[in-house]
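# Working through the structure, step by step
As a plain string of letters, each chain reads:
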Amino acid sequence: MAETLVIRTPGLTTVQDLGRVGRSRYGLPANGACDQHSARVANVLCGNDDRAPLLEITALDFACTPSSDILIAVTGAPADLTVAGVLRPQWEPVSVRAGDTIRVSNIRQGLRVYLAVLGSFEADYLQGSCAPDTVLGFGTGLNTGDELVLPASCPPVAHPFSGIPLFRLHAPVPRLSSPWTIDVTDGPDRADFGDTGARLFAAPFTVTPQSNHIGLRLRGDVPRRVTKGEILSRGVPIGAIEVPAGDELLVLHRGRGVTAGYPVLAVVTATGLSALGQVRPGQAISFRHRTLDQAITAYRAQRNAVDALRTRVHSAFAALRIPVPVCS
Amino acid sequence: MHNNVVITDCGDSGLIARAVGLGTEEGWQLVHALADALDAVQLSGVHGLVPTYDTLLVEFDCTSTDHDTLRSILWHEAARFASAARRTREPRRFVVPVVYGGEHGPDLPEVADQLGLTASEVVDLHTGSDLTVRCLGAPAGAPMMDGPPFPAPIPRLASPRVRVEPGCVAVAGRQAVICPMPSPGGWPLIGRTPVSVLDLRSDPLTAYFPGDTFRFVAISPDEWDDYADTPLAACHG
């Protein structure tokens, strides 16, 4: 009989990965974890492939119970992680015994928590990814009693003195704080906004409740397009800051449709997009202007830190004789 | 000489190449040829190509490649374009039944008013010629076509709909589209087809590709059930 992870309290949780890459030419958005950095780190802490399926837990409390001994890692927004009632650290591997309940509660400051399991779990795929696509109607939320099949188990990694964290792998933990500072570079249509483009940086914007993984709507002193004329539909990147008619800015996120017809004032940086994946409706965002070089340097530093973590994880797992999963 | 394309940075992980100084047809061929070329070289880190009418968006992982590398590939391919053999894939033609107006095309009267035409003249223009698919776009692989030969561009709706039903046939600007999946939309709806546009389990997802053509045929609301759930793939002709 297959070992499983049984969902006890589903909250708002989906099976997720880093997204559906290489399909935008066919009109499919990438989707995938809104906070790519936290999702990537969760898998790396479990020795998994970066693209392995994991859980994205949004805002609400979540609980599950494995039928075998497993190793997990929980990243993303600060939350209370308990295993069998004992508080355990985020951003480190955590050993879980068969039958113990894993609980994630009191998600705060940010919005999304990621839970990865060593060896991952079986997931449905569409066009190369298990990431939900709400437009296609693929990948629904988990329900109470759902069972995820666990292909691998992990013998308990026990410390002689309980309660002392076993791992100190120093994962790169992003700073999550409101008001948020989100880095952007100039967009291809910056000139269309004339002097009003500077408004993007003049005062904070507030995230409205009509915000999701497709895009965030922001209220504030919005820049205005000063040129006229129709724009033929064209590709718009994840992170594009568009200014439709009306009083709101639109920031496209991972579920964005690949084409649009609005001018693009600015583009959120790769590190900024992960941070933006944690912003809650009602919170304020200040945009900070970066050059391309600054943005690329920041993202490479973030990814280098994850690469270094991957090396430390493999060393630690080898020392503890934890089998590193072979993921497809 | 690189004067047929302008390349603009589009964030730390993107570039946009826009065809310039070429006709509509040639500019469209150029941006799709550039996308084909990037597809063919399988450059590490390139994960998104969106060629549309006159632009190509390239999205990439800036830890694996960079703007300069992509810029030089695009320039090289654009310079080659004039001499290179053009794409040879044989286009397919889809004949698509549409119920125009009424509940199926609630914006038909307004579109007719804006053009100074009658509703049936709008339908005649929409059904009167083969429309070329220029790209697959939002939402979900929608076939984005050249618009019919209307006398003027069509403005988008002042207030976009929260939900547009699958099969809705819409026009905006100088473009035409069929909406394949339920989604929000700001384009005026002039009709709806009963055929099933997408098969989610097929790979590639769509039966149509850029360069294929659609010919719309008006049917009466009574004929809806005759075509309901027919896959679009079965409508070529």
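Residues numbered from 1 in each chain as written. Chains lettered and ligands numbered in written order. Predicted model: local features only at pLDDT ≥ 70, side-chain atom pairs only at ≥ 80, totals over all residues. Heavy atoms only, no water.

### Looking at the overall build of chain A
Helices and strands together make up the secondary structure of chain A, namely four helices and 20 strands. By the compact-globule yardstick of 20 Å for 328 residues, chain A fits well, its C-alpha radius of gyration being 21 Å. A total of 328 residues make up chain A; the buried ones form 56% of that total. Partitioning the contacts of chain A with sequence separation of at least 6, the portion at a separation of at least 24 is 79%. Total accessible area on chain A is roughly 13,000 Å²; 52% of this is exposed by carbon and sulfur atoms. One way to put it: in chain A the 31 positive side-chain charges average out to a point 4 Å from where the 28 negative ones average out. (Helix = DSSP H or I, 4+ residues; strand = E, 2+ residues; numbered from the N terminus. Rg over C-alpha atoms; globule rule 2.2 N^0.38 Å. Buried < 20%, exposed > 50% of the residue type's maximum accessible area, 1.4 Å probe, protein only. Contact = heavy atoms within 4.5 Å. Areas by Shrake-Rupley, 256 points an atom, 1.4 Å probe, with all protein chains shown as cover. Lys, Arg positive; Asp, Glu negative; His and termini not counted. Charge placed at Lys NZ, Arg CZ, Asp CG, Glu CD.)

### Section: the domain arrangement of chain B
Residues and elements named next belong to chain B. The domains assigned to chain B are domain 1 (5–80) and domain 2 (93–234). Domain 1 and domain 2 are separated by 29 Å when their C-alpha centres are compared. The interface formed by domain 1 and domain 2 includes one salt bridge. Residue Arg134 pairs with Glu25 through a salt bridge whose shortest N-O separation is 2.9 Å. At the boundary of domain 1 and domain 2, one finds five residue pairs in polar contact (both at pLDDT 80 or more). A per-element tally of the side of domain 1 that touches domain 2 places helix α1 (residues 24–41) first, with three residues. Residue composition of the side of domain 1 that touches domain 2, grouped by class: three nonpolar, two polar and one charged. (Domains from an automatic or database assignment. Salt bridge = Lys/Arg side-chain N within 4 Å of Asp/Glu carboxyl O. Polar contact = N/O pair within 3.5 Å; in protein donor to acceptor, adjacent residues only side chain to side chain. Nonpolar A, V, L, I, M, F, W, Y, C, P; charged D, E, K, R; others polar.)

### Examining the packing of α1 of chain B against helix α2 (residues 67–81) of chain B
Residues and elements named next belong to chain B. At a closest axis distance of 10 Å, the pairing of α1 and α2 adopts a crossing angle of 130°. Classified by the interaxial angle, the pair formed by α1 and α2 is oblique. Classified by chirality, the crossing of α2 by α1 is right-handed. Contacts between α1 and α2 involve Glu26, Gln29, Leu30, Ala33, Leu34, Ala37 and Leu38 from the first element and Leu70, Ile73, Leu74, Glu77, Ala78 and Phe81 from the second. (Axes fitted to C-alpha atoms, helices over the stretch in contact; angles between N-to-C directions. Parallel < 35°, antiparallel > 145°, perpendicular 65-115°, else oblique. Left-handed = near helix turned anticlockwise from the far one by under 90°.)

### Concerning the packing of aromatic side chains
Residues and elements named next belong to chain B. Using the criterion set out here, one finds five aromatic pairs over all chains in the structure. In this structure an aromatic cluster arises from ring pairing among Phe94, Tyr208, Phe214 and Phe216. Residue placement shows Arg134 over the ring face of Trp28; its charged tip is 4.4 Å from the ring centre. (Phe/Tyr/Trp six-rings, centres within 6.5 Å; stacked < 30°, edge-to-face > 60°. Lys NZ or Arg CZ within 6 Å of the ring centre and 35° of its normal.)

### Examining α1 of chain B
Residue and element names in this part refer to chain B. Taking 1.5 Å as the rise per residue, α1 with 18 residues should run 26 Å; its terminal C-alpha atoms sit 26 Å apart, in good agreement. Listed in full, the buried residues belonging to α1 are Gly27, Trp28, Gln29, Leu30, Val31, His32, Leu34, Ala35, Ala37 and Leu38. Where the residues of α1 are buried, they touch β1 (5–9), β2 (14–19), β3 (46–51), β4 (55–60), α2 and β6 (131–137). Following α1 by one or two positions, Gln42 adopts a phi angle in the positive range, close to 50°. (Expected span 1.5 Å × (residues − 1).)

### A look at the interface of chain A and chain B
Contacts between chain A and chain B engage 40 residues on the former and 51 residues on the latter. Looking at the side of chain A facing chain B, the largest losses of area belong to Arg25, Tyr26 and Ser233 of chain A, adding up to 20% of the total buried there. Between the two partners, chain A and chain B, sit four salt bridges. For Arg256 of chain A, the salt bridge goes to Glu59 of chain B, with nearest N and O atoms at 2.6 Å. Counting across the chain A and chain B interface gives 15 residue pairs in polar contact (both at pLDDT 80 or more). The element contributing the most residues to the side of chain A that touches chain B is helix α4 (residues 292–319) of chain A, with six residues. Of the residues contributing to the side of chain A that touches chain B, the split by class is 21 nonpolar, 11 polar and eight charged. (Buried area = accessible area lost by both parts, 1.4 Å probe.)

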